[in-house]
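# Residue-level structural notes
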Amino acid sequence: MLAGDRSNIRFVQVALDVKGWIARPPKVDEVRPGRCPACAAPSRPAGGALGLHGHGLRERHQWGPVEVGGVPVLVGILLRRYLCRSCGAVAVVGPRGLVRRRLYSAGAIALAFALYGVAELAPAEVRRRVSPLRIVGPTAAAGWASLRRWSRAVRTRRLFPSVRALPAVATARQVAARAATTLAAYAPSSAKVPLESAAFLGASM
Ligand SMILES: [Zn+2]
């Protein structure tokens with residue numbers, strides 16, 4: 001099996017959040033999955049050789065604040081890779097809150113939805129609070145393509161599928177508001193925080 005065969009790569013998230021992961025990156029034995037996520041072979045068979053081998057690190061970038069109220073940053077995260085001896089699959093293990101194929105974290109997208117849909121801020125202001133990029137010039141006030149893309153992805157259930165479907169006439173702001181309130185409900189109940197913070201926390205769970 002080729003290691004470069006992307007169809008045979010499985011992502012596994014652990015309970016650790018991004019902040020904890022980068023503060024003390026886990027060692028190879030600390031986040032080794034118990035079983036291969038592809039074929040379910042045990043990673044540590046009793047008396048046998050390791051089923052899942054450490055297979056190096058892979059850098060992944062994540063955009064947005066890494067904690068509630070934090071400034072937006074671009075953070076480099078070293079994900080751990082494991083190779084299954086039985087089936088050749090590669091398990092990539094990382095912290096919770098990452099969204100596959102998206103630059104921004106789940107928390108950052110939820111924060112953007114709350115600021116746009118509930119606080120009703122202008123897209124340029126939402127971008128200023130969520131994006132690590134400082135955009136200047138005439139296009140800076142013209143909206144934010146990411147916001148439109150995320151709303152579309154929620155509408156078509158490709159992002160945050162727990163959000164209840166909205167009627168086709170719903171605006172992007174209405175989609176964002178429902179996504180933000182839905183995600184906020186997943187925040188730990190001890191968190192007595194503004195909705196935008198609750199949405200960030202709930203999406204990061
Ligand atoms: Zn396997």
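Now for a look at the structure at hand. Model, not experiment: these values are computed from the prediction. (Residues numbered from 1 in each chain as written. Predicted model: local features only at pLDDT ≥ 70, side-chain atom pairs only at ≥ 80, totals over all residues. Heavy atoms only, no water.)

Turning our attention to the sheet that holds strand 2 (residues 52–64). The strand order 1-4-3-2 describes an open sheet built from four strands, whose pairing is mixed. The outermost strands of the open sheet, each flanked by one partner alone, are strand 1 (9–13) and strand 2. Each strand of the sheet is rotated relative to its neighbour by a mean of 30°, with strand direction disregarded. The pairing of strand 3 (residues 73–84) with strand 4 (residues 90–94) spans four bridges and is antiparallel. (Pairing = 2+ DSSP bridges. Helix = DSSP H or I, 4+ residues; strand = E, 2+ residues; numbered from the N terminus. Axes fitted to C-alpha atoms, helices over the stretch in contact; angles between N-to-C directions.)

Before going further, it helps to examine the packing of helix 2 (residues 106–118) against helix 6 (residues 195–203). Between two packed helices, both the angle of their axes relative to each other and the distance between the axes serve to describe the pair. It is at 7 Å that the axes of helix 2 and helix 6 come closest, and there the two elements cross at 150°. Classified by the interaxial angle, the pair formed by helix 2 and helix 6 is roughly antiparallel. Judged by the twist between their axes, the crossing of helix 2 over helix 6 is right-handed. Contacts from A106, G107, A108, A110, L111, A114, L115 and V118 of helix 2 reach helix 6 at L195, E196, A199, F200 and A203. Of the residues in the contact of helix 2 with helix 6, the class split is 11 nonpolar, one polar and one charged. (Parallel < 35°, antiparallel > 145°, perpendicular 65-115°, else oblique. Left-handed = near helix turned anticlockwise from the far one by under 90°. Contact = heavy atoms within 4.5 Å. Nonpolar A, V, L, I, M, F, W, Y, C, P; charged D, E, K, R; others polar.)

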